[in-house]
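# Observations on chain architecture
Here are the chains, one letter per residue:
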Protein chains: 2
Amino acid sequence: MGPGPINADPRVLRAMAAPLVGQFDPWMTEAMNSTMELYRGVFDTTNEQTFLIDGTSRAGIEAALVSLLEPGDRVLVPVFGRFGHLLQEIAQRCGADVHTIEVPWGEVFEADAIEAAIRDVRPKVLAIVQGDTATTMCQPLADIGEVCRREGVLLYVDATASLGGNEFRTDAWGIDIATAGLQKCLGGPSGSAPITISPKAAEVINGRKHVEAGIRDAADAAVGARIASNYLDLAQVMDYWGPRRLNHHTEATSMLYAARECARLLVDEGMDNAVVRHELHGGAMLAGVRGLGLEVFGDVAHKMTNVVAVHIPAGIDGDGARASMLHDYGIEIGTSFGPLHGKVWRIGTMGYNARRDAVLVTLAALEQVLRAGGADITGGGGTAAALEFYADEFHEEVTA
Amino acid sequence: MGPGPINADPRVLRAMAAPLVGQFDPWMTEAMNSTMELYRGVFDTTNEQTFLIDGTSRAGIEAALVSLLEPGDRVLVPVFGRFGHLLQEIAQRCGADVHTIEVPWGEVFEADAIEAAIRDVRPKVLAIVQGDTATTMCQPLADIGEVCRREGVLLYVDATASLGGNEFRTDAWGIDIATAGLQKCLGGPSGSAPITISPKAAEVINGRKHVEAGIRDAADAAVGARIASNYLDLAQVMDYWGPRRLNHHTEATSMLYAARECARLLVDEGMDNAVVRHELHGGAMLAGVRGLGLEVFGDVAHKMTNVVAVHIPAGIDGDGARASMLHDYGIEIGTSFGPLHGKVWRIGTMGYNARRDAVLVTLAALEQVLRAGGADITGGGGTAAALEFYADEFHEEVTA
C-alpha cells in the first residue's frame, strides 16, 4: 500500500509465465501490434506511435527527452516535486538549456504561470509531470496543452504515477509525448515503459534518425543531429515496432506480456471506470486517515486519486511505525523524498490495491501501530469513516 | 532454435509469477543481494559491483560505455561482425573518439593485431564482443586481457551471446566490465542485462558521480564530467544496489526474479558443466548439419559452442525454408545481418534449447524442408551424424 511499486494483479503475473517465441515470429509481431492498440486505449489517443520502451518508467522519460532535445535546445520544466527535478536532471544530461519554474511541494501550477514562463523562455519542449508521487499532487494539463499548441511548443508529460487512476487524454489535451510505467495504477511490475508519440513529435524525432551500420541500407542516409543514446533512440525504436521491423534491441517478451495484460484489463474495465475506481478507494482512504485524526499533506483539491500523504504525528517514530506495518501486518507504506523525508507517510490505493479490503485492512493496522506508538488517534475512526464513504449512495452505485 | 532470443527454461518463466514486494522491503533487498552473488558465479569474478541493468542486453552495453567514456575519450573497437559495429555506434553516440580495426566476417582477431592497434591508438578503453552471433565467431580473450593490463587500457567485453555456453573468466582474463543478456545461453527472456564491474572500472565511473537533486545530500558534491545518461548511469545504479540503497529507478522485480533463476540454475549445474553441455549439443548440431551435406560458414575452430551458421544451398529460397520450418514444424531458425543476410541460416543450441531432442528434431525437420525445396541433401545424414556424435564414448560420459 505504498506509493508504488505495488503488488501486481495476479493475472498480470500469470501472463508473464507464457512461453516465448522469436522476435519476428508472426505471433510475436501480432502481440506487439495488439499491445500498441491496447495502449492507444490507455493513453486515449489515435497516435500510431504507441508502444513500449524496454526499461523502467525512467527509461521512458529519458527516451522521450533524449530523442526530442538536441544539445542547446531550450526546455522548460515546471517543478512541483521530486520528479520535476528528475525531468530537469535528465534534460540537463541531454545537453539542453534547461529552465525551471517552481511552486512549493504540495501545490500545482496555474496554467497562467506556465503560459507566462513559456512566453519568457520560448522553449522547444515543455516537460512536466502529471502526478508527482513525492507530493501526491496531480497537475491539471488540459489548459497547458492548449497553451503549448498556441505557442508552438512540444508538450512532454510523465504520467508514470497517474495514468490509469486519473483522467488522461493525450489527444484532447494536445500532449505530444507521454510516458508511464506499469508499477502504479496499471497494476504490473516495473520494467516496461508505455509511450505514445504524436505525429508532430515523431516527425521531429525522425529528423534525427541514424540507422546503425551493419543493418543500414542506401535509403538510410544520416540526417539531423544524431540522438545521443542508441538504446533509447525513439527513431530506431519506431522502426522496430513499425512495419519495417528493423532490428534494434531484442524486445523483452515477458515484460511485453505483462504490459499487454495490464492494458487489456484496464481497457476491458474502461479507462473512465478505472479512474472512478481509483477515486472511490482513494476517497475512502482519504476519509479513513482523516477519521483516524491524521493531517493530510498538500492541496487536497489537486491530490492524485491513488495516493495520499499524511503528516507523521509528533512523537511518532516514522520509520519504526513503517517497519511495524511491514513486519507485523505485512503492509508497506512509504515516506517521501528530500524535504518530506521522514515528515510524511504516503499511502497508495492503486492498481490491484485499489480495493475495499485493502483500504480497510490498512486503516485497521495503521490504527494499531499508531496507538502502540502513543499517538492521539480516534479508535475505530479510520475504518468507520472509510465505511461511511463507501456507504454513500453514489459510491455504493460505483462499487455495485 | 534460432540465434536467440530462445524459448526460456520453464523454471525461469515460473519464477516471474512470484508476487512483488516493495523495492526497499528487506526480502527484496535480500533478493537483490543474492542475485549479485549468483552472478559473481556466472561471471567468475569476485567483483562487488555485479548486478543487473533494467533493460535488454543493449542497455547493458550502453550503460558500460556511456559510464566509462567521456566525450573525446579514445576507444578501440575490434570489429568482427555486426555487434562490433554496435559497440562502435554506441561509443560514437557517447562522443568518444572511436577507432576500429576489422577482420572479415567469419574470422576472429589474433592478440598480436589487437596489441599493435592498442599501441597505435593508445585508447582509454578497448571494447570488444566475445561472441558475435551475426557470424557465430567467438573471440579468444585471455591474451587480450593481458595486453590491456600491460598497456593500462580498460577492457570492456560484450558477452551477451556467449556467456553461459562458452568459457568466460572475468577476473582471470583481466576484464574490467562485462555485460550480457538473459535471452541466449542464460535461458531466460530478454529484458535484464547482468553486468560486472572491476574495482578499477568502478573507481573511474565513480569519479563522474552526480547524485540527483531531490535526493542529494551535502556529501554528494558533483565531481568529474557528468555521465550523459541518467537511466544508464552506473555510478547511480551502484548506489542503488549497494548498501546506501539510494533511490534511482524502480527495480524491475519480475525480471530480477527471472535473472536470479537463470543464474541459480547455471550455478547449480556448475558453469564449467554448462559450457560442456553447450559444447556437446552444439557439436552434435555441427555434425548434423554437415551430415546433411550443408557447408558451415566461418572459421569452425573459433565458432561459439551455441550457434552454427550454414550457407543456404544454391537454389533454395532461404526465407521460404525458414517460414516452412516455423509454420510447418514450429521451429525457428534465423538468417543473419548485413552481408550475410539471406546467405546463411543460423541455428542455435543454447540455454534450454541445448538438448538432445531439440537438436534431433531440428535436423529431422530441416531435412524435410530442404528435400521439399529440391536441395541435394543426404537423407538421414543429419540425425545419423548427430547420433554418432552423441554415441562417442566421451560424449556419452558427458551426457550421463
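Residues numbered from 1 in each chain as written. Chains lettered and ligands numbered in written order. Predicted model: local features only at pLDDT ≥ 70, side-chain atom pairs only at ≥ 80, totals over all residues. Heavy atoms only, no water.

As recorded by an unreviewed UniProt entry, chain A carries the name Alanine--glyoxylate aminotransferase family protein and is attributed to Nocardioides cavernaquae.

This part is about the side chain of Ser192 of chain B. All names here are of chain B. With respect to the helices and strands, the residue Ser192 is situated in the loop between strand 8 (177-179) and strand 9 (193-197). For Ser192, a relative accessible area of 1% puts it in the buried group. Setting aside its immediate chain neighbours within four residues, Ser192 contacts Leu52, Ile53, Gly55, Thr56, Ala180, Gly181, Leu182, Met255 and Ala259. (Helix = DSSP H or I, 4+ residues; strand = E, 2+ residues; numbered from the N terminus. Buried < 20%, exposed > 50% of the residue type's maximum accessible area, 1.4 Å probe, protein only. Contact = heavy atoms within 4.5 Å.)

In any sheet, the strands associate via hydrogen bonds between backbone groups, in a parallel or an antiparallel arrangement. Residue and element names in this part refer to chain B. With mixed pairing, seven strands are arranged side by side in an open sheet as 1-9-8-7-4-2-3. The open sheet terminates on both sides in strands that have one partner only, identified here as strand 1 (49-53) and strand 3 (97-102). Here the strands of the sheet are splayed against their neighbours by 20° on average, with no regard to which way each runs. As paired strands, strand 8 and strand 9 are joined by three bridges and run antiparallel to one another. Directly across from Thr179, in strand 9, lies its bridge partner Ile195. The sheet contacts of helix 2 (residues 26-43) involve strand 1, strand 8 and strand 9, and relative to strand 1 the element is tilted by about 105°. (Pairing = 2+ DSSP bridges. Axes fitted to C-alpha atoms, helices over the stretch in contact; angles between N-to-C directions.)

Below, the discussion takes up the environment of Asn273 of chain A. Residues and elements named next belong to chain A. Relative to the helices and strands, Asn273 is located in helix 10 (residues 271-291). Along the sequence, Asn273 and Gly165 sit 108 residues apart, while their C-alpha atoms lie 9.3 Å from each other. Side-chain polar atoms of Asn273 contact the backbone oxygen of Glu269, separated by 2.7 Å. (Polar contact = N/O pair within 3.5 Å; in protein donor to acceptor, adjacent residues only side chain to side chain.)

Let us now look at the packing of helix 10 (residues 271-291) of chain B against helix 12 (residues 356-372) of chain B. The relative placement of two packed helices comes down to the angle between their axes together with the axis-to-axis distance. Residues and elements named next belong to chain B. Viewed as axis vectors pointing N to C, helix 10 and helix 12 meet at an angle of 15°, and their least axial separation amounts to 10 Å. With respect to helix 12, the element helix 10 is oriented roughly parallel. Of the two possible hands of crossing, helix 10 and helix 12 adopt the one that is right-handed. Contact residues: His281, Ala284, Met285, Gly288 and Val289 in helix 10; Arg356, Val359, Thr362 and Leu363 in helix 12. For the contact of helix 10 with helix 12, a count of residues per class yields five nonpolar, three polar and one charged. (Parallel < 35°, antiparallel > 145°, perpendicular 65-115°, else oblique. Left-handed = near helix turned anticlockwise from the far one by under 90°. Nonpolar A, V, L, I, M, F, W, Y, C, P; charged D, E, K, R; others polar.)

As a further point, take the UniProt feature "binding site: substrate" (unreviewed entry) in chain A. Residues and elements named next belong to chain A. Those places that UniProt annotates as "binding site: substrate" (unreviewed entry) correspond, in this numbering, to Arg346. Within the secondary structure layout, Arg346 lies in strand 11 (residues 344-348). Residue Arg346 is classed as buried on the basis of its relative accessible area, which comes to 5%. For Arg346, the side chain forms a polar contact with the main-chain oxygen of Thr133, separated by 2.6 Å. (UniProt positions renumbered as here; feature names shortened; annotations may be inferred.)

Our next topic: the interface of chain A and chain B. Each partner contributes to the interface: chain A provides 59 residues, whereas chain B provides 59 residues. Overall, the association of chain A and chain B removes approximately 4700 Å² of surface from exposure, summing both partners, and the carbon and sulfur fraction of that is 55%. The interface formed by chain A and chain B contains four salt bridges. Linking Arg93 of chain A and Asp233 of chain B is a salt bridge whose minimum nitrogen-to-oxygen distance equals 2.7 Å. Viewed at the interface, chain B and chain A are joined by 30 residue pairs in polar contact (both at pLDDT 80 or more). Of all the elements in the fold, those that place two or more residues in the side of chain A that touches chain B are helix 3 (57-68), helix 4 (82-93), helix 9 (253-269) and helix 11 (318-329) of chain A. For the side of chain A that touches chain B, the leading source of residues is helix 4 of chain A, giving seven residues. When grouped by side-chain class, the residues that make up the side of chain A that touches chain B number 23 nonpolar, 24 polar and 12 charged. (Buried area = accessible area lost by both parts, 1.4 Å probe. Salt bridge = Lys/Arg side-chain N within 4 Å of Asp/Glu carboxyl O.)

Moving on: the sheet that holds strand 9 (residues 193-197) of chain A. All names here are of chain A. The mixed open sheet is built from seven strands, whose spatial order is 1-9-8-7-4-2-3. Of all the strands in the sheet, the pair left with one neighbour each is strand 1 (49-53) and strand 3 (97-102). Across the sheet, the mean angle from the axis of one strand to that of its neighbour is 20°, orientation sign disregarded. When strand 4 (residues 125-129) meets strand 7 (residues 154-158), the two strands line up parallel, connected through five bridges. Bridging across to strand 7, Val129 finds its partner in Asp158.

Turning to the packing of helix 2 of chain B against helix 9 (residues 253-269) of chain B, a few remarks are in order. Residues and elements named next belong to chain B. Running from amino to carboxyl end, helix 2 crosses helix 9 at an angle of 40°, the nearest separation of the two axes being 9 Å. It follows that helix 2 is oblique to helix 9 by the angle criterion. At the point where helix 2 passes helix 9, the crossing takes the left-handed sense. Across from Trp27, Met28, Ala31, Met32, Ser34, Thr35, Leu38, Tyr39, Gly41 and Val42 in helix 2, the residues of helix 9 making contact are Thr253, Leu256, Tyr257, Ala259, Arg260, Cys262, Ala263, Arg264 and Val267. Broken down by class, the residue content of the contact of helix 2 with helix 9 amounts to 13 nonpolar, four polar and two charged.

Right, let's get into the UniProt feature "modified residue: N6-(pyridoxal phosphate)lysine" (unreviewed entry) in chain A. Residues and elements named next belong to chain A. Here, the residues flagged by UniProt with the feature "modified residue: N6-(pyridoxal phosphate)lysine" (unreviewed entry) are Lys184. Mapping Lys184 onto the fold places it in the loop between strand 8 (177-179) and strand 9. Leaving out residues up to four positions away in the same chain, Lys184 has contacts with Pro3, Gly4, Ile6, Thr133, Thr160, Ala161, Met350 and Gly351.

Its place among the elements puts Arg93 of chain B in helix 4 (residues 82-93). As for Arg93 of chain B and Thr35 of chain B, which are separated by 58 residues in sequence, their C-alpha atoms are 31 Å apart. Those residues in contact with Arg93 of chain B, other than ones at most four positions away along the chain, are His210, Arg226, Ile227, Ala228, Ser229, Asn230, Asp233 and Gln236 of chain A.

Here we take up the pattern of salt bridges. Side chains that carry opposite charge are capable of pairing whenever their charged atoms lie near each other. Within this structure, the stated rule accounts for 50 salt bridges over all chains. Among the ionic pairs, Arg11 of chain A bridges to Asp9 of chain A, the shortest N-O distance being 3.0 Å. For Asp9 of chain A, a relative accessible area of 9% translates into the label buried. Note that Arg264 of chain B is salt-bridged to Asp268 of chain B, the shortest N-O span being 3.1 Å.

Relative to chain B, chain A is turned by 180° and slid 0.0 Å along the rotation axis, the superposed coordinates differing by an RMSD of 0.0 Å. What the rotation and shift describe, once combined, is the action of a two-fold rotation axis. If distances are taken from each C-alpha of chain A to the rotation axis, the shortest is found for Gly55 of chain A, at 2.4 Å. An overlap of 100% is found between the interface residues of chain A and their copies at the interface of chain B, pointing to a shared contact surface. (Least-squares fit on C-alpha atoms with pLDDT ≥ 70 in both.)

Once that is clear, we can look at the packing of aromatic side chains. Residue and element names in this part refer to chain A. Under the counting rule described, the total for this entry stands at 16 aromatic pairs over all chains. An angle of 80° between the planes, with centres 6.3 Å apart, marks the rings of Phe80 and Phe109 as edge-to-face. One end of the pair, Phe80, is in the loop between strand 2 (74-79) and helix 4; the other, Phe109, is in the loop between strand 3 and helix 5 (111-121), with 29 residues separating them in the sequence. You'll find Phe80 and Phe109 in the same group, each marked buried. Among the aromatic side chains, those forming a connected cluster through ring pairs are Tyr39, Phe43, Phe168 and Trp173. Over the aromatic face of Tyr352 sits the side chain of Arg355, whose NZ or CZ is 4.6 Å from the ring centroid. (Phe/Tyr/Trp six-rings, centres within 6.5 Å; stacked < 30°, edge-to-face > 60°. Lys NZ or Arg CZ within 6 Å of the ring centre and 35° of its normal.)

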